Amino acid sequence: MTPVLAGFDHQRVPVADGVSLHAAVGGTGTPIVLLHGFPQTHLMWRHVAADLAADHTVICPDLRGYGASDKPAETDGTRYAKRTMAADVVALARALGHDRFALAGHDRGALVAFRAGLDHPDAITHLACLDVLPTLDMWDVLHGVGAAVGFHLYLMAQPPGLPERMISASADEFFAYFLDSWTRDPEAIPADVRAAYLDACRSAVPSIVADYRASAGIDVEHDRADRAAGERLRMPVSVLQQDWGAALGFDAAARWRAWAPDLHHDTVTCGHFMAEEGPADIAKALRALLAR
Amino acid sequence: MKTVNGIRMHYRIAGDGPPLVLLHGWPQTGYCWRKLIEPLAREHTVVVPDLRGYGLSDKPRTGYDKRTMAADVAELVSTLGFERAGVVGHDRGGRVAHRWALDRPRQVERLAVLDILPTREMWRRLDAELGRGYWHWLFHLQPDLPERLAGQDVEGYLGYFFERWTYQRAGLEPEAVAEYVRAFSAPGALRAGFDDYRASFPDDAEHDEADFAAGRRLAMPVLALWGEQGLLGTLPALDIWREYAHDVTGAAIPECGHFLPEERPEAVLSRLRAFLS
């Protein structure tokens, strides 16, 4: 049986011309939107969402191009720009009756959340980004052999053709590689959830690649323009990252602080999939953010 | 076929005169030198091996660090009865040749490196921009995944590089592509080629770093050639090589991508002849 977020309603919400997002919605209270990353769906929030729903309205969409949301074909290089995906999220919350909301994202979802925070400062009350650097900084720190951890970024940045073909031909093996190698606690992603992620990604290869390709091009341009204009995140921001220790080789907190003057930066001792590996820590950190 | 350094190594040999060894790169075999063998063989004994893991040579589980791969070809040359040789290396073969010249400077009389920078320099310089062009370095470093992904469509994978890295696409004829696809479809061939890349970190990087730190530079004449339209055309290749060798000459080959010996064989031949005489 396909796993679900227990007690949540599932809705399809039109957010842009011809594009609807699938979202799980539950709980009551001040609203928070949770955005999943790669290679996942809204299901990655199942523990954190259940916790927060006790006193919040919790909205967990599948991003454009992922899960059960629409996957428009990339035609002009903007359809998977984080700017476009962030506008989806703001439109989704508004359609559900929330002009202002807290926003937390993990991995790709954190890049969408970051962009939403810059583009829609009046809509985003609080912002949490889990286990990423802003796109501009990420390309800046990927250097030398250390860039090998981001090999998939470079693979999917290649021109259309090879990445889509090669990933489609071995979709389960490709996506499972990240689910299996980026986690410290494999039990955190049980078999039925893992199967749901693989099912979802298998039928989303072109849009997932388009999302990554945008981050090698148009997303960098948007970040660079904001950096040049001195734009900052004006809301309280929390960033949680894996505890890499000195192996990281750069000062992640300083890089985030340059974007977010009101920043809480913490490390979590777990793998990349922290909302599943350490859900209590994440829920606690999000509650602390919402109290700021 | 000769047994050298514990593996069976396939090679072609032609001509008479002082020996000249031609080392191919990835994703190729000794076949890449086909347009140069006959003219060079007029004045040289030309030795063209398939490197460890490539073509018809053995594909053992270990030994893809450049030190071992250089020991393979060094032993081949001495087994053939030559004390010294000129060495020309393209792509991965250029890295084997560079290591050979560092480890056995008395054996390598002259060195020509085609369309590479020293491996150490690649790791030092690899940033987002260079990584776009050298993404395969990062991908091939992954354990097992490249075999799985590329193995579904060897022709598609190799073809990508042949299309993207050429300027004179006609230089790689359909029969050449078929030859390479056949070679890399052999059991173990993809794995061995990726192992060549996997050895570049940390093994090759450590060897290169130790030599550089100890001040070891190449003393024999070095010729660096690169394709003007390739990635090296955007970098100060000659200046960089001069940090690694005392006597460097070189040039960009105009209207040429990565596959110099196949795209612009005449230009490469005339540069090599001038260098070797």
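Each value, and the rule that gives it
Residues numbered from 1 in each chain as written. Chains lettered and ligands numbered in written order. Predicted model: local features only at pLDDT ≥ 70, side-chain atom pairs only at ≥ 80, totals over all residues. Heavy atoms only, no water. Helix = DSSP H or I, 4+ residues; strand = E, 2+ residues; numbered from the N terminus. Rg over C-alpha atoms; globule rule 2.2 N^0.38 Å. Buried < 20%, exposed > 50% of the residue type's maximum accessible area, 1.4 Å probe, protein only. Contact = heavy atoms within 4.5 Å. Buried area = accessible area lost by both parts, 1.4 Å probe. Salt bridge = Lys/Arg side-chain N within 4 Å of Asp/Glu carboxyl O. Polar contact = N/O pair within 3.5 Å; in protein donor to acceptor, adjacent residues only side chain to side chain. Pairing = 2+ DSSP bridges. Axes fitted to C-alpha atoms, helices over the stretch in contact; angles between N-to-C directions. Expected span 1.5 Å × (residues − 1). Core = buried A, V, L, I, M, F, W, Y, C linked by side-chain atoms within 4.5 Å. UniProt positions renumbered as here; feature names shortened; annotations may be inferred. Phe/Tyr/Trp six-rings, centres within 6.5 Å; stacked < 30°, edge-to-face > 60°.

K.L.:
Help me get a handle on the overall build of chain A, residues and values and all.
P.N.:
Each helix and strand in chain A was counted, giving 13 helices and 8 strands. At 17 Å, chain A has a C-alpha radius of gyration in line with the 19 Å of a compact globule built from 292 residues. Taken along its principal axes, the extent of the C-alpha atoms in chain A is 45 × 45 × 40 Å. Within the span of chain A, comprising 292 residues, buried residues form 61% of the whole. Across chain A, contacts joining residues at least 24 apart in sequence account for 76% of those joining residues at least 6 apart.

K.L.:
Please set out the interface of chain A and chain B residue by residue, giving values where relevant.
P.N.:
If you look at the interface, chain A gives 21 residues, while chain B gives 24 residues. Across the interface of chain A and chain B, roughly 2200 Å² is buried in total on both sides, 69% from carbon and sulfur atoms. Viewed at the interface, chain B and chain A are joined by 1 salt bridge. Arginine 148 of chain B is the partner of glutamate 173 of chain A in a salt bridge, and the nearest nitrogen-oxygen pair spans 3.3 Å. Remark: the boundary between chain A and chain B carries 9 residue pairs in polar contact (both at pLDDT 80 or more). Residue assignment for the side of chain A that touches chain B shows that the elements contributing at least two residues are helix H5 (151-157), helix H6 (162-169) and helix H7 (171-181) of chain A.

K.L.:
For the sheet that holds strand E9 (residues 248-253) of chain B, give the residues involved together with the corresponding values.
P.N.:
Residues and elements named next belong to chain B. Pairing is mixed across the open sheet formed by 7 strands, whose spatial order is E3-E5-E4-E6-E7-E8-E9. One side of each edge strand has no neighbouring strand; the edge strands of this open sheet are strand E3 (11-14) and E9. Pairwise comparison of adjacent strand axes, ignoring direction, gives a mean angle of 15° for this sheet. Both strand E6 (residues 85-90) and strand E7 (residues 108-114) contribute to a ladder of 6 bridges, which runs parallel. Bridging across to E7, histidine 90 finds its partner in leucine 114. Helix H2 (residues 66-79) rests against E3, strand E4 (19-23), strand E5 (45-49) and E6 of the sheet, and its axis sits at about 145° to E5.

K.L.:
Account for the sheet that holds strand E4 (residues 56-61) of chain A, with residues named and values stated.
P.N.:
Strand pairing in a sheet relies on backbone hydrogen bonds, with the paired strands running either antiparallel or parallel. Residue and element names in this part refer to chain A. Read across the sheet, 8 strands follow the order E1-E2-E4-E3-E5-E6-E7-E8 without closing on themselves; strand pairing throughout is mixed. Of all strands in the sheet, those with a lone pairing partner are strand E1 (9-16) and strand E8 (263-268), marking the two edges. Geometrically, the sheet is characterised by an average inter-axis angle of 20° between neighbouring strands, direction not taken into account. Direction of pairing for strand E3 (residues 30-35) relative to E4: parallel, over a ladder of 4 bridges. Looking at E4, one finds that threonine 30 is bridged to histidine 56. The strands touched by helix H2 (residues 82-95) are E1, strand E2 (19-26), E3, E4 and strand E5 (101-106); relative to E1, the strand with the most contacts, the crossing angle is about 120°.

K.L.:
Requested: an account of the pattern of salt bridges, with residues and values cited.
P.N.:
A side chain with one charge can pair with a side chain of the opposite charge if their charged atoms come near. For the structure on display, the rule yields 46 salt bridges over all chains. One salt bridge in this structure joins lysine 82 of chain A and aspartate 219 of chain A, with 2.6 Å as the shortest N-O distance. Here aspartate 219 of chain A lies in helix H10 (residues 218-228) and lysine 82 of chain A lies in helix H2, a separation of 137 residues in the sequence. Accessibility assignment for this pair places lysine 82 of chain A and aspartate 219 of chain A in one class, buried. Across the pair arginine 255 of chain A and aspartate 137 of chain A runs a salt bridge, and its minimum N-O distance is 3.0 Å. On the criterion of sequence distance, the pair formed by arginine 255 of chain A in helix H11 (residues 252-257) and aspartate 137 of chain A in helix H4 (residues 135-141) is long-range, its members being 118 residues apart. Salt bridges here are not isolated pairs; linked through shared partners, they connect Arg67, Arg99, Asp103, Asp208, Asp211 and Arg216 of chain B.

K.L.:
Could you give an account of helix H8 (residues 191-202) of chain A, with specific residues and numbers?
P.N.:
At 3.6 residues per turn, the α-helix brings residues three or four places apart onto the same side. All names here are of chain A. An ideal rise of 1.5 Å per residue puts 16 Å on 12 residues; H8 measures up with 16 Å between its terminal C-alpha atoms. Inspection of H8 places Val193, Ala196, Tyr197, Leu198, Ala200 and Cys201 among the buried residues, and these make up the whole buried set. Those residues of H8 that are buried are in contact with helix H1 (46-52), H7, helix H9 (205-215) and helix H12 (274-277).

K.L.:
With reference to specific residues and values, describe the nonpolar core.
P.N.:
Residues Leu34 of chain A together with Tyr157 of chain B are the most contacted members of the largest nonpolar core, which totals 214 residues. Not counting the four nearest positions on each side in its chain, leucine 34 of chain A is found in contact with Trp45, Val48, Ala49, Leu52, Val58, Ile59, Cys60, Pro61, Ala104 and Leu286 of chain A.

K.L.:
Tell me about the UniProt feature "domain: AB hydrolase-1" (unreviewed entry) in chain B, and name the residues and values.
P.N.:
The feature "domain: AB hydrolase-1" (unreviewed entry), as annotated in UniProt, sits at residues 18-265 of chain B in this numbering. Helix and strand shares over residues 18-265 of chain B are 48% and 14% respectively, and the end C-alpha atoms of the span are 21 Å apart.

K.L.:
Pulling in residues and values, what's your account of the packing of aromatic side chains?
P.N.:
One pair of aromatic rings is described through two measures. These are the centre distance and the angle between the planes. All names here are of chain A. Counted under the stated rule, the structure contains 38 aromatic pairs over all chains. Between the aromatic rings of phenylalanine 114 and tryptophan 259, the centroid separation amounts to 5.1 Å while the plane-to-plane angle is 90°, which identifies the pairing as edge-to-face. With a gap of 145 residues between them, phenylalanine 114 in helix H3 (residues 108-119) and tryptophan 259 in the loop between H11 and E8 connect regions that are remote in the sequence. The exposure class assigned to phenylalanine 114 is buried, which follows from its relative accessible area of 2%. Using a relative accessible area of 0% as the deciding quantity, one classes tryptophan 259 as buried.

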